[in-house]
Amino acid sequence: MDTRTFGFFTLLLITLVKAEDPYHFFEWKITYGTMSPLGIPQQVILINDKFPGPVINCTSNNNIVVNVFNNLDEPFLMTWNGVQHRKNSWVDGTPGTMCPIQPGTNFTYKFQVKDQIGSYYYFPTTALHRAAGAMGVIQIHSRPLIPVPFDNPADEFAVIVGDWFNKGHKSMKNLLDGGKSIGRPDGLHINGKSAQVGAQGEPSWTFEAGKTYRFRFCNVGMRTSVNFRFQGHDMKLVELEGSHVMQNDYMSLDLHVGQCLSVLVTADQPPKDYYLVVSSRFTKQPHTTVATVRYKGSNSPASPELPPPPPDHTAGIAWSINQFRSYRWNLTASAARPNPQGSYHYGQINITRTIKLVNSRNYVDGKLRFAFNGVSHVDPKTPLKLSEYFGVADKEFKYDIIADEPPSDVEKNVKIAPNVVNATYRNFVEIIFENRENTIQTYHLDGYSFFAVAVEPGRWSPEKRKNYNLEDALSRHNVAVFPGCWAAVMLTLDNAGMWSLRSEMWERFYLGQQLYVSVLSPERSLRDEYSLPETTQLCGIVANMPKPPGYI
Ligand SMILES: *[C@@H]1O[C@H](CO)[C@@H](O)[C@H](O)[C@H]1NC(C)=O
Ligand SMILES: *[C@@H]1O[C@H](CO)[C@@H](O)[C@H](O)[C@H]1NC(C)=O
Ligand SMILES: *[C@@H]1O[C@H](CO)[C@@H](O)[C@H](O)[C@H]1NC(C)=O
Ligand SMILES: *[C@@H]1O[C@H](CO)[C@@H](O)[C@H](O)[C@H]1NC(C)=O
Ligand SMILES: *[C@@H]1O[C@H](CO)[C@@H](O)[C@H](O)[C@H]1NC(C)=O
């Protein structure tokens, strides 16, 4: 028995003895490779020689163990977008929570997908690796005895879509480091490939007539919202970022950067080939790409006539906001727990704090920066969570350098500093995102899902609260804020840790439009947060410090 097998059996024994939730083990080799997402060979980042990376297919409460071997020439970190890591921001994979995995070394992420179902994805947070690959889908199924509000599909397909740049992640990073924008993408990919209408190729998916399939879509791009649609087939939206929705049929769906959802598609059309069409939204240079779905036994190619996109520009924004408003929580359906989603009455909880964040784009010493409330975040030498835990945060950063209200000159001035908000454990907070720019934004919070209760044109004011959806808004982790609009989200800060709140537009994230929310349990109790795991790598000013006594 080699040590790995031995380790596995030891774990298995522990599993049997403690009746722990099942484990899934992964060993991932991260390397550079060459692929042609848009038909031009270029450097990409592969996981076990593949892009997209493996699908993490699991069930609520399963334990996930991923041993990541970094064979790149740069430090590397992976984050698990939308996985809440309850009590465990230690493995969140953002630069504020973990020391990066050094080249030629490995690190084992261990986490539990506690009380979650739904569709998520993982991606790298270091350098500009997200522009190069190392991404894939995480699908969390309901436990066997918990009812799912639709019939089991015949099969399920994980699909990552996004914009792609041919210039390569290293030159893109150089542009940003030099204070310039990465510019516009060169095209879109579907699972790392792009195809033109009429080009003969292998189908991406095969349907059997009469059966229903679940597609999980995630927009993993750098900045571009997309719309997707199937020729001849409607889609029934069933799940969005871990919420079971009121099921409606859509001819096409918008998917903004960082968002994931599941649709059911029934093979109820004449047996031939059909295109899945993905097109860009709200961009000066539109892009479209297709992939083929083939009915078993078909030898008729897909029609070259593509279903038209929804309106674009101003009318398109109204269309997209309406689509957002059509997403409703199914109050009687269960999610990860047996009780119905609607048994959590978020609309009846009093707000204890309102944080209003205004995004801005500025130049500092001639270099492009992006900010929240006038502060453009930089990561200090030591991950924030570690300097906080070791009691040396004051050497690295100051808490609360932004106020809960943006300053009046928010669009004019920007300061570069670590941006960390001190939040109170278990507070029920309202976060307003006000987008005064003329481009769409998407925002995401780690460690939580929030209720996205409103997206409206104009500026926010307290009177707008009377228009919030306090009944059946979706619980999710990402919200799109359209140009000149605001969005309101609400959540209970019941997950202690250091959590990234960020723009999912990756150029903006890289150039500072992000902050961390520090949520500490006042009792420093193991009930609320795990102690620093034994295996955590230390770096920066805590590298050689003795470990503090853990929580008890
Ligand atoms: C994914 O997990 C679910 C639930 O455990 C299982 O039913 C399904 O067969 C798995 N799919 C694959 C491709 O392994
Ligand atoms: C690195 O991989 C080896 C071999 O699988 C494993 O034994 C070791 O625990 C890993 N190291 C870390 C820090 O995860
Ligand atoms: C809502 O969920 C229930 C299961 O509790 C299901 O029977 C019903 O069809 C769902 N409604 C819609 C509109 O999706
Ligand atoms: C919420 O606030 C209202 C008015 O301020 C108060 O009457 C009510 O008791 C509060 N509800 C809870 C659950 O604290
Ligand atoms: C954070 O806020 C709490 C009150 O909620 C306060 O007790 C604590 O001192 C603050 N911590 C820092 C570092 O400012």
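For the structure given in this document, a descriptive report is provided here. As the structure is a computational prediction, the values presented were derived from the model and not from experiment.

## What about the pairing of strand β31 (residues 497–503)?
Phase 1: The element β31 is extensively covered by neighbouring structure, given that seven of its seven residues are classed as buried.
Phase 2: Here β31 shows a buried face lined by G497, W499, L501 and S503 and a second buried face lined by M498, S500 and R502.
Phase 3: When strand β26 (residues 441–445) meets β31, the two strands line up antiparallel, connected through three bridges. Across the sheet, the residue bridging to H444 is R502, located in β31.
Phase 4: The pairing of β31 with strand β32 (residues 514–520) spans six bridges and is antiparallel.

## Digging into helix α3 (residues 313–325)
Phase 1: The end-to-end C-alpha distance of α3 is 18 Å, a good match for the 18 Å that 13 residues give at a rise of 1.5 Å each.
Phase 2: Within α3 the residues assigned to the buried category are G316, I317, S320, I321, Q323 and F324. Each buried residue of α3 sits inside an arc of 155° when the element is viewed along its axis, so together they form one side.
Phase 3: Check the buried side of α3 and you find it contacts β15 (243–250), β16 (253–255), β27 (450–457), β28 (475–476) and β30 (485–492).

## Things to note about the nonpolar core
Phase 1: Ranked by internal contacts, the top residues of the largest apolar core, which has 45 residues, are F215 and F217.
Phase 2: For this core, the two domains that each supply at least three residues are domain 2 (155–315) and domain 3 (346–542).
Phase 3: Ignoring sequence-local partners within four residues, the contact set of F215 consists of F157, V159, W205, F207, F230, L261, S262, V263 and V265.
Phase 4: With 38 residues, the next largest nonpolar core counts V257, Y443, V489 and A496 among its residues.

## Describing the environment of V220
Phase 1: Looking at the secondary structure, you find V220 in the loop between β12 (212–219) and β13 (226–230).
Phase 2: Exposure remark for V220: the relative accessible area of 2% places this residue in the buried category.
Phase 3: In this structure the C-alpha to C-alpha distance between V220 and W164, which are 56 residues apart in sequence, comes to 9.8 Å.
Phase 4: With near-sequence residues (within four places) excluded, V220 lies in contact with Y121, R130, M135, I160, V161 and H189.

## Some details on the state of the cysteines
Phase 1: Applying the stated criterion to the full structure yields two disulfides.
Phase 2: Between C99 and C539 runs a disulfide, and the two sulfur atoms are separated by 2.2 Å. Disulfide C99-C539: the torsion about the S-S bond is -85°, which places it as left-handed. With a gap of 440 residues between them, C99 in the loop between β5 (78–81) and β6 (106–112) and C539 in the segment after β32 connect regions that are remote in the sequence.
Phase 3: Here C218 engages in a disulfide with C260; their sulfurs sit 2.2 Å apart. Disulfide C218-C260: the torsion about the S-S bond is 110°, which places it as right-handed. One end of the pair, C218, is in strand β12; the other, C260, is in strand β17 (residues 260–266), with 42 residues separating them in the sequence. Considered together, C218 and C260 belong to a single accessibility category, that of buried residues.
Phase 4: Looking at C58, it has no disulfide partner, and the nearest cysteine sulfur is the one in C218, 13 Å off.
Phase 5: Overall, the relative accessible area of 2% leaves C58 in the buried class.

## Comments concerning the packing of aromatic side chains
Phase 1: Summed over all chains, the structure comprises 38 aromatic pairs.
Phase 2: For the pair F26 and W28, a centre-to-centre distance of 6.0 Å together with 65° between the ring planes defines the contact as edge-to-face. Comparing F26 with W28, the two get one shared label, buried.
Phase 3: Measuring from centroid to centroid gives 5.7 Å for F51 and W164, while their planes differ by 40°, and the two rings are tilted. Residue F51 is located in the loop between β2 (42–47) and β3 (56–59), and its partner W164 is located in strand β9 (residues 155–164); the two are separated by 113 residues in the primary sequence.
Phase 4: Taking the ring centre of W506 as reference, the NZ or CZ of R130 above it sits at 4.9 Å.
Phase 5: Stacked on the ring of Y274, the Lys or Arg K272 has its end atom at 4.7 Å from the ring centre.

Conventions we followed
Residues numbered from 1 in each chain as written. Chains lettered and ligands numbered in written order. Predicted model: local features only at pLDDT ≥ 70, side-chain atom pairs only at ≥ 80, totals over all residues. Heavy atoms only, no water. Buried < 20%, exposed > 50% of the residue type's maximum accessible area, 1.4 Å probe, protein only. Helix = DSSP H or I, 4+ residues; strand = E, 2+ residues; numbered from the N terminus. Pairing = 2+ DSSP bridges. Expected span 1.5 Å × (residues − 1). Arc of directions from axis to C-beta. Contact = heavy atoms within 4.5 Å. Core = buried A, V, L, I, M, F, W, Y, C linked by side-chain atoms within 4.5 Å. Domains from an automatic or database assignment. Disulfide = S-S within 2.5 Å. Phe/Tyr/Trp six-rings, centres within 6.5 Å; stacked < 30°, edge-to-face > 60°. Lys NZ or Arg CZ within 6 Å of the ring centre and 35° of its normal.

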